[in-house]
Amino acid sequence: MKKKMFFVLLSLLIIISPNVFAAGAEETLGDQVNLTMGSWRADDVEAMNNLLDAYKEVAPNVEIEFKPTNPADYNATLRLQLESGTGPDLMYARSYAPGIELYNAGFFANCSDIEGLSNFTDSNKAPWRAPDKNMFAIPFAAVSHGVYYNKDAFEAANVEIPKTWEDFLQVCNKLQANGITPIANGLADEWDIFETFFLGALPNYIGGASERVKYESGEKKLNNDKFIKAFTAMRDVAKYCPKGFESVTYNDSQALFATARAAMFIDGSWSVGTYSDVTFDWGIFAIPAPKGNDTAITFHPDMAITMNRASEHKEEAKAFLSWLCTVEGATTASKYLPAGFFPMINAPINIELKQANEFLALNEGKKTDARFVWPVLLELYSPMDQAVIKVMKKEITPTQAANDIQMAYDKLDL
Amino acid sequence: MENKKINKHLSVEPKSWYWMLYILPALFVYIIFMAYPLIDSLRLSLYTGSNSLNREFIGLNNFKKLFTDDFFSLRYKSAFGHTVIFFLINMIFQNCLGILFAVIITTRTMKLKTFYQTIIFIPTTFAVLVTGYLWKLLLNPVWAGETLSNIGLGFLAQPWLGSKSTALVTVSLISCWQWMGIPTMMFVAALKNIPHDCLEVASIEGANAWQTFIKIKVPLIKPVIGMITILTFVNNFNAFDIIFATETVNGAPNYATDLLGTFFYRVGIAGEHPIAIADPGLGAAVATITFIVLLLGVIPILKFTNGDN
């Protein structure tokens, strides 16, 4: 019987102890408030810690701990934490549908009454506006897309930055004749060719946000001439990609460009800090539009920060978000943000890295838009991605690809 | 009298419930970590919703969706087909080569046995991510092409993992390469256990090597063959990591290497990129069917190879 008692006591102890310890950890010291911040940017721990340290000068009693998860696991992990009531006080919010889902589920707080939100343009706020018109996060950073090019290789082949898509193909031709792979992009990882190249170039063919909505509403067809032309561009460019580009991954592409084995790489601005120690001179130019069209830029709203509706320290969390919405806060943030993530606030902000500035300067005088599928047609991501890949492998024609997309669109219930 | 007393003493039943104490810890662990999750995931397959707040009971609709919904049935059927092919290639190459190597290694006249044994076993000790990464580089014309053409094998510089027609076979063979060591070791152990006199009698009777192998060695190692078949079956129907390491969780290119494991991960855990809203209920339905297939598959294999017992 004694043994039995012992077992009962032991199991009781096991059940109780985590609660005892957890309660201890949550205690705050005097006025000191500890907040946690969830994120998918596992690469940015140092940068964010610097930013959060800088915030301590504004609010000395608030300690924010940055706790990122692997990018691919973020959505799943965050949901798990929120459901079990262990969610962070502050957290990164995805734009559009995935973010709206967590707001509707009651996890993200309503941020509409944060004053500084007026510092953002409507188009920059749209990605984090729920269907009920409330803001569920404050915009934090956007990414851009463009062509990284090796200036030395361009000089060696005696070519200049192309102004039109036709020129671009000519440049590719000359580079190839000069014995260098013109374009580093490959197909193996599937997301990069689509998100950076096809969606990066698409506004050149169809126009900016005002045109995009016409495709979303069905007013314009996804198999019209403009789309066929965009797919044709992808077909034409395939022969300038590395030999065996079907199995070239995103990392391979970066390595090819960094080792000067490829002269250009169509990629997102988030890589702009990657090539700080390469041995050649490099720069950025916009993916050129075909003759007769205006070059437009895919400037994609990427990160926003929101707070937990169940947080015990809402006041402090809100104060932090408000600070990020001030010009002062945004300037501090952009100082510490990794290169290539651009502040979204409607105020001129100086960025240190030369090429990052070049990237941001691409926007000047051009139309910009989010990546085509993100706002409404996210379910077309996969069909479109597969269509681009099949076109580049010459398994289907550009017209077939466009028809496939229109068919996939017809099946959606919007 | 004395005897009887002892007997009586021995036959005294211990307090009837005492034995339960001894299995309690094991039972506890088993229930918490095996039985409960299994039953709960069977239950989950009857629900839908991306989180516990919007979860609702929908009966067998998840299963219906898997087989009739345009999108899901297409992906599910292709994933199922690929898994069967993946398993068959593994079964044939991994185990036939395993048995061949084991026979060679256990041949009495063989030299450097330990050396070969080690070489065959080394890939098994690698992390799958490492194996996947290495083969990705080796099979990539961009990195290996130059070396290959320098040694006159330029025609081998193909995007093996990137083209639809070769990707699945290539990944299967990578998996075979990695795990070959396990069946080889098990067969070596089984073959070493065959009583020497059996083989001696056979050779006195004039049986050649092939006859000895078919008539004596194979029947004696049949239980091991069954064991290995089951292991291959279970491991490959649950395969995920090798595809994750070489072809992304989408089963690139164009879903050509999408297995039940990757499909389950996308549907039930991570959600399809970039929406990334998972439906754990639908995922559980995929897992439930896989569980049933494995259960039904293992029984005949056991029957066939352990028939004599």
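Everything quoted here is computed from the prediction, not taken from an experiment. (Residues numbered from 1 in each chain as written. Chains lettered and ligands numbered in written order. Predicted model: local features only at pLDDT ≥ 70, side-chain atom pairs only at ≥ 80, totals over all residues. Heavy atoms only, no water.)

A look at the packing of aromatic side chains
In this description, an aromatic ring pair is defined by two values, namely the gap between the centres and the angle between the planes. Residues and elements named next belong to chain B. One pass over the structure, following the stated rule, counts 50 aromatic pairs over all chains. On the numbers, 5.7 Å between centres and 50° between planes, the contact of Tyr76 with Phe263 is tilted. Of this pair, Tyr76 sits in helix 4 (residues 70-106) while Phe263 is found in helix 14 (residues 260-270), placing the two residues 187 residues apart along the sequence. Using a relative accessible area of 2% as the deciding quantity, one classes Tyr76 as buried. The exposure class assigned to Phe263 is buried, which follows from its relative accessible area of 1%. Here Trp210 and Phe213 contribute two aromatic rings whose centre-to-centre distance is 5.9 Å and whose plane-to-plane angle is 35°, an arrangement assigned as tilted. (Phe/Tyr/Trp six-rings, centres within 6.5 Å; stacked < 30°, edge-to-face > 60°. Helix = DSSP H or I, 4+ residues; strand = E, 2+ residues; numbered from the N terminus. Buried < 20%, exposed > 50% of the residue type's maximum accessible area, 1.4 Å probe, protein only.)

Considerations on the confidence of the model for chain A
Looking at chain A as a whole, the pLDDT averages 89, with 93% of positions reaching at least 70. Throughout residues 17-29 of chain A the model reports pLDDT below 50, and contacts reaching past four residues in sequence, or to other chains, amount to 2 contacts. (pLDDT = per-residue confidence, 0-100. Contact = heavy atoms within 4.5 Å.)

Re the sheet that holds strand 6 (residues 181-183) of chain A
Residue and element names in this part refer to chain A. As summarised here, the arrangement of the 4 strands in space is 6-7-5-8, forming an open sheet in which the pairing is mixed. The open sheet is flanked by strand 6 and strand 8 (282-285), the only strands paired with a single partner. Taken pair by pair, the neighbouring strands of this sheet meet at an average axis angle of 25°, ignoring direction. For strand 6 and strand 7 (residues 262-268), the ladder comprises 2 bridges, and the chain directions are parallel. (Pairing = 2+ DSSP bridges. Axes fitted to C-alpha atoms, helices over the stretch in contact; angles between N-to-C directions.)

Thoughts on the layout of surface pockets
One water molecule sets the probe size; rolling that probe over the atoms shows where empty space is left. One number sums up the size of the second largest pocket: a volume of about 1500 Å³. What lines the second largest pocket is a set of 44 residues, among which Glu379(A), Ser382(A), Pro383(A), Leu412(A) and Phe71(B) lie closest to the centre. For the lining of the second largest pocket, the residue count by class is 26 nonpolar, 5 polar and 13 charged. (1 Å grid on protein atoms, 1.4 Å probe; cavity = no way out; pocket = protein on both sides within 12 Å on 5 of 7 lines; lining within 4 Å. Points joined across faces, edges and corners; volume = space filled by probe spheres on them. Nonpolar A, V, L, I, M, F, W, Y, C, P; charged D, E, K, R; others polar.)

Regarding the pairing of strand 4 (residues 138-143) of chain A
All names here are of chain A. Counting buried positions along strand 4 gives 6 out of 6 residues, so the element sits mostly inside the fold. The pairing of strand 4 with strand 11 (residues 342-343) spans 2 bridges and is antiparallel. Counted as the bridge partner of Ala142 is Phe342 from strand 11.

Focus: the sheet that holds strand 1 (residues 33-39) of chain A
The strands making up a sheet are joined through hydrogen bonds of the backbone, oriented either antiparallel or parallel. All names here are of chain A. Pairing within the open sheet is mixed, and its 6 strands lie in the order 2-1-3-10-4-11. The open sheet has two edge strands, strand 2 (62-68) and strand 11, and neither has a second partner. Of the strand pairs in this sheet, strand 1 and strand 3 (residues 90-93) are connected by 2 bridges, and their pairing is parallel. Counterpart to Met37 in the pairing with strand 3 is Leu90. Packed on one face of the sheet, helix 3 (residues 74-83) meets strand 1 and strand 3 and runs near 140° to strand 3.

A word on the state of the cysteines
A complete count under the given rule lists 0 disulfides over all chains for this structure. Cys241(A) provides the cysteine sulfur closest to Cys172(A), a residue in no disulfide bond, and the two sulfurs are 8.4 Å apart. Residue classification places Cys172(A) among the buried residues on the basis of a relative accessible area of 0%. Lacking any disulfide linkage, Cys176(B) is separated from the closest cysteine sulfur, that of Cys96(B), by 10 Å. Note on Cys176(B): relative accessible area 4%, which makes it buried. (Disulfide = S-S within 2.5 Å.)

A closer look at the interface of chain A and chain B
Every contact between the two is made by 38 residues of chain A and, on the other side, 35 residues of chain B. Taken together, both faces of the contact between chain A and chain B bury some 2900 Å²; the carbon and sulfur share is 54%. Inspection of the chain A/chain B interface yields 0 salt bridges. For the interface between chain A and chain B, the tally reads 11 residue pairs in polar contact (both at pLDDT 80 or more). Every element with two or more residues in the side of chain A that touches chain B is listed here: helix 3, helix 4 (96-104), helix 8 (191-206), helix 11 (250-258) and helix 15 (381-392) of chain A. Considering each element in turn, the side of chain A that touches chain B owes the most residues, 5 residues, to helix 15 of chain A. (Buried area = accessible area lost by both parts, 1.4 Å probe. Salt bridge = Lys/Arg side-chain N within 4 Å of Asp/Glu carboxyl O. Polar contact = N/O pair within 3.5 Å; in protein donor to acceptor, adjacent residues only side chain to side chain.)

So, the confidence of the model for chain B
Confidence in the prediction for chain B averages 89 pLDDT; 94% of positions are at 70 or higher. Model confidence for the complex: the whole-complex pTM is 0.84, and ipTM, which rates the interface, is 0.83.

A look at the nonpolar core
Residues and elements named next belong to chain A. Counting 79 residues, the largest nonpolar core has Met37, Tyr92, Phe108 and Phe320 as the members making the most contacts within it. The contact partners of Met37, leaving out residues within four places of it in the chain, are Met48, Leu52, Ile64, Glu65, Phe66, Lys67, Pro88, Leu90, Met91, Tyr92, Ile305 and Phe320. In terms of nonpolar packing, the next biggest core, distinct from the first, is built from 64 residues, Ile193, Phe231, Ile396 and Ala402 among them. (Core = buried A, V, L, I, M, F, W, Y, C linked by side-chain atoms within 4.5 Å.)

Description of the pattern of salt bridges
Charged atoms that come close allow side chains of opposite charge to pair. Summed over all chains, the structure comprises 14 salt bridges over all chains. Linking Glu216(A) and Arg212(A) is a salt bridge whose minimum nitrogen-to-oxygen distance equals 2.8 Å. With Glu216(A) and Arg212(A) both in helix 9 (residues 209-217) and 4 residues apart, this pair spans about one turn of that helix. Note on Glu216(A): relative accessible area 11%, which makes it buried. Exposure remark for Arg212(A): the relative accessible area of 10% places this residue in the buried category. For the salt bridge of Arg266(B) with Glu272(B), the shortest nitrogen-to-oxygen distance reads 3.3 Å. The class for Arg266(B) is buried, based on a relative accessible area of 2%. Overlapping salt bridges, with partners in common, bring together Glu211(A), Lys214(A) and Lys220(A) in one network.

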